[in-house]
Amino acid sequence: QEKALLKEAETAKEKYEKLKETIELLQGKYDLCRLKLPSPEKLILVKAMRGDISKLVEIEKQLTGSKTYSAMTDENEWLDEFEKGAIIYLIKKDNEILGNVSYEKRKDRSIYISGLAIIPRFQKQGIGREVLRRILEELNGFSRIDLVTHPENPAVKLYESLGFKIESRKENYYGDSEPRLIL
């Protein structure tokens, strides 16, 4: 019986050591992830003006070539956005531009999020989530908030996690032969 107890204690000690190693490994990965994420207080949204169109075009040019995002690389497209009364923000951290976000207020008191563009080297760092969280907070009280995205856009999961629901799918939505989801 003593042998059995010693064996049981030895097995428990081995399990404990393996668990301890796993915890240390996970802690290291957690710390790495935490280092990568931007601190929300350092992200700022700066309202864009017509004078910022060249910056907006530069951001969008870094996103061309993807079927999941229709980049606005023509200055006239941005002029049209300003003419429509779109609210456009540059996303910045430490004076560096990370992307842009824009939305339109509709007459029926609904909102259309017309764009969220994060420069590729800043993607997958929680920036889009934090920016959308802030925008949704800012727009609290509006009757409805919509957005349109490509079905293969990895951000669909982000949008759903923030409460957006897929309502429909439309083929050739922007005239680019690509389908879009309406959320």
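Throughout this description, residue numbers start from 1 for each chain and increase along the sequence as written. Restriction of local features to residues with pLDDT of at least 70 applies here, the model being predicted, together with a cutoff of 80 or more for giving and counting side-chain atom pairs; totals for whole chains, interfaces and linings are based on all residues. Working from all heavy atoms in the structure, the side-chain values ignore hydrogens and water.

(A) Layout of the sheet that holds strand S5 (residues 144-149). For two strands to be treated as a pair, DSSP must find no fewer than two bridges joining them. Helical segments are the DSSP runs of H or I of at least four residues, strand segments are the runs of E of at least two, and each set is numbered from the N terminus. Reading across the sheet, the seven strands line up as S1-S2-S3-S4-S5-S7-S6 and stay open at both edges, with mixed pairing between neighbours. Looking at which strands have only one partner, the edges of the open sheet turn out to be strand S1 (43-47) and strand S6 (168-170). Adjacent strand axes in the sheet meet at a mean angle of 25°, parallel and antiparallel pairs treated alike. Note: strand S2 (residues 87-93) against strand S3 (residues 96-105), seven bridges, orientation antiparallel. When the sheet's bridge partners are listed, tyrosine 89 is paired in S3 with valine 101. Note on definitions: angles span 0 to 180 degrees between N-to-C directions of axes, and those axes are lines fitted to C-alpha atoms, for helices only across the stretch in contact.

(B) A look at the packing of aromatic side chains. The pairing test for Phe, Tyr and Trp rings, Trp by its six-membered ring, is centres within 6.5 Å, and the orientation test on the planes gives stacked under 30 degrees, edge-to-face over 60, and tilted for anything in between. One pass over the full model with this rule turns up two aromatic pairs. Ring geometry for tyrosine 173 and tyrosine 174: centres 4.9 Å apart, planes at 90°, overall edge-to-face. Residue tyrosine 174 is classed as partly exposed on the basis of its relative accessible area of 40%. Put simply, a charge is over a ring when the Lys NZ or the Arg CZ is close to the ring centre, within 6 Å, and near the line of the ring normal, within 35 degrees. One Lys or Arg, arginine 109, reaches over the ring of phenylalanine 142 and ends 4.5 Å from the middle of that ring. Exposure classes here rest on a 1.4 Å probe applied to the protein chains alone. A residue is buried below 20% of its type maximum, exposed above 50%, and partly exposed in between.

(C) Molecular detail of the side chain of lysine 92. One can find lysine 92 in strand S2. Within this scheme the basic residues Lys and Arg register as positive and the acidic residues Asp and Glu register as negative, but His and the chain ends are omitted. Salt bridges are defined by distance alone: a side-chain nitrogen of Lys or Arg within 4 Å of a carboxyl oxygen of Asp or Glu. An unpaired buried charge is present at lysine 92: no salt bridge exists, and aspartate 52, the closest side chain of opposite charge, is 6.8 Å distant. The contact criterion used is simple: two residues touch if any of their non-hydrogen atoms lie within 4.5 Å. Leaving out residues up to four positions away in the same chain, lysine 92 has contacts with Lys42, Leu43, Ile44, Val46, Ile97 and Leu98.

(D) A look at helix H4 (residues 127-138). Taking 1.5 Å per residue, twelve residues should reach 16 Å; H4 reaches 16 Å between its end C-alpha atoms and fits that length. Taken together, the buried positions of H4 are Ile127, Gly128, Glu130, Val131, Leu132 and Ile135. Elements in contact with the buried residues of H4: S1, S2, S3, strand S4 (110-118) and helix H5 (155-161). Here the expected length of a helix is defined as 1.5 Å per residue gap, with one fewer gap than residues.

(E) A look at the pairing of S5. Where S4 lies against S5, four bridges are found, and the strand directions are parallel. Paired with serine 110 across the bridge in S5 is arginine 144. Handedness of the S4-H4-S5 crossover: right-handed. Bridging between S5 and strand S7 (residues 180-182) involves two bridges; their strand directions are antiparallel. Each bridged residue has a counterpart across the sheet, and for threonine 149 the counterpart in S7 is leucine 181. Crossover handedness is defined by viewing with both strands directed away from the observer: a clockwise path from the first strand over the helix to the second marks the crossover as right-handed.

(F) Highlighting the environment of aspartate 108. One can find aspartate 108 in the loop between S3 and S4. Residue aspartate 108 is classed as exposed on the basis of its relative accessible area, which comes to 53%. Pairs of N or O atoms are called polar contacts if they sit within 3.5 Å, as long as, within protein, a hydrogen donor faces a hydrogen acceptor (for residues adjacent in sequence, only side-chain-to-side-chain pairs). Within the local environment of aspartate 108, its side chain forms a polar contact with the side chain of serine 110, the two groups lying 2.5 Å apart.

What is shown is where atoms sit, not what they do.
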